[in-house]
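These are the residues of each chain, in order.
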Amino acid sequence: MNQDRMPRIVRLHLPENQRILAISDVHGNLKYLQRLLEKVGFGEDDVLFLVGDMLEKGPRSLDLLHYVMDLQHTRNVYPICGNCEGLWQFMLAPDHRGHLKDYLLHRKNSLLNEMIETVAPPVTADSDMEGLVQEVQRRFRIELEWLRTLPNMILTDHLLFVHAGVQPDVPLEQQDRFRVMDTKAFYEQEVSFSDRFCIVGHWPVVLYQHEGQNASPILDKKRKIYSIDGGNVLKRDGQLNCLVLNGESGENASWVAYDDYPQIRLLDDQQGSTENYNITWSENIVDILVQQDDVSRIRQCSSGREMWVPTEYLYPEMLTVGTVLWHVEDSTDTKLCVQAGDQASLVCETSIGTIIKKDGISGWYEGRYERLPGEDRHLPGFWREKL
């Protein structure tokens, strides 16, 4: 194998009774990371693994990078390279300046855009990328070197941390480091482990589901795979998940999540629906049957399934002049089973019901509710940059 494609692997020995935390796909969302660590009670005796994609797509990649680098000086923190960290080794190469400019013009929420804006005006079609890159490499030499040396995998006696996944039947030392950062839908592959648990992110867990919309980690002890990407930043009702392992064996697993939605108390019981359907990013082209101010009736083109969705979930793709292809954000027709007194996150209000999230599961609620006192929490807007 080409030396450049060989993975960087770090091996650690952890005490058997160690409390281990794993968070993936923070995507520059520093507020969520800080609040989640506070919620889980991250302490000096804990070990934290950041399982790739700390950066990009969210609003504060540079601040988050500095936060993690500083945190390593005082706590047990082990970051892993995801495709969003590995991206910069590719993009900053001299023969990719054209790709780099296109990327930065398209992806405003990116680490390099933030770096550039500390030394120069924002990138435009006329920007001198060679000069900007040289200045960034000079000014942020320490940060870029930190990114360059991130491991692709971390191994302990009973755990494997890797951003996207590994190829079955290929020794870890012979894995392709680009594939372990960018494997698609790893949990759908016929992969299982016998000697250790594999902890992955990269692919939002909601994409594995067609019945119901659940952002909670998948904890599959039979196959020894824990998939933990809650769709933070990428999904309107996404959340940042923290896997909690009480012991290095990996058997004692639980999770804690954070989102920034208003918290409500439900005032009515509601029976759940028995047949549920979920539209996800990979098949989100729809026909609009009825369009109202706040809700629309849509038909999924690939399946023919119909459902009501909030009108604000719809967005157009202009194909040619006068030709529009309509897409919908992740949506569900699930009616959640809840009881009066339950607490939930308020995702979206409409005239036909409210989309809420309870224990990581999103769905419709048609009853009454009251907002809970506390800090002013609201839906973040940065996810609207189409991904």
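Structure first, text after, so check above.
Just so you know, these numbers come straight off a predicted model, no measurement behind them.

**Describing the sheet that holds strand 19 (residues 323-328)**
The strand order across the open sheet formed by 5 strands is 17-16-15-19-18, and the pairing between neighbours is antiparallel. Two strands close off the open sheet at either side, each with one partner strand: strand 17 (306-310) and strand 18 (314-320). Strand-to-strand twist of the sheet, defined as the mean angle between neighbouring strand axes without regard to direction, takes the value 50°. Pairing of strand 18 with strand 19, which is carried by 6 bridges, proceeds in the antiparallel orientation. Paired with Thr 320 across the strands is Thr 323, a residue of strand 19.

**Quick notes on the packing of aromatic side chains**
Tallying each qualifying case throughout the model produces 8 aromatic pairs. For the pair Phe 186 and Phe 193, a centre-to-centre distance of 6.5 Å together with 50° between the ring planes defines the contact as tilted. Residues Phe 186 and Phe 193 agree in their burial class; the two are buried. When the centroid spacing of 4.8 Å and the interplanar angle of 20° are considered together, the rings of Phe 197 and Tyr 226 count as stacked. Note that Phe 197 is positioned in strand 7 (residues 197-200) and Tyr 226 in strand 10 (residues 225-227), a separation of 29 residues in sequence. By the burial criterion, Phe 197 is buried, and Tyr 226 matches it. One aromatic cluster in this structure is built from Phe 49, Tyr 78 and Phe 161. Sitting over the ring of Phe 42, Arg 75 keeps its end group 5.3 Å from the ring centre.

**Brief notes about the sheet that holds strand 12 (residues 253-258)**
For sheets, the rule is that strands pair by backbone hydrogen bonds, running either parallel or antiparallel. One open sheet holds the 5 strands; their spatial order is 4-3-2-11-12, and the pairing between them is mixed. Both edges of this open sheet fall to strand 4 (76-79) and strand 12, since each of them pairs with a single strand only. The sheet shows a mean angle of 20° between the axes of neighbouring strands, direction not considered. Sheet analysis places strand 2 (residues 19-23) next to strand 3 (residues 47-50), joined by 4 bridges and oriented parallel. Looking across to strand 3, one finds that Ile 23 is bridged to Leu 50. With respect to the sheet, helix 1 (residues 30-40) is in contact with strand 2, strand 3, strand 11 (240-246) and strand 12, its orientation differing from that of strand 12 by roughly 135°.

Analysis parameters
- Residues numbered from 1 in each chain as written.
- Predicted model: local features only at pLDDT ≥ 70, side-chain atom pairs only at ≥ 80, totals over all residues.
- Heavy atoms only, no water.
- Pairing = 2+ DSSP bridges.
- Helix = DSSP H or I, 4+ residues; strand = E, 2+ residues; numbered from the N terminus.
- Axes fitted to C-alpha atoms, helices over the stretch in contact; angles between N-to-C directions.
- Phe/Tyr/Trp six-rings, centres within 6.5 Å; stacked < 30°, edge-to-face > 60°.
- Buried < 20%, exposed > 50% of the residue type's maximum accessible area, 1.4 Å probe, protein only.
- Lys NZ or Arg CZ within 6 Å of the ring centre and 35° of its normal.
- Contact = heavy atoms within 4.5 Å.

All we've got here are geometric facts, nothing functional implied.
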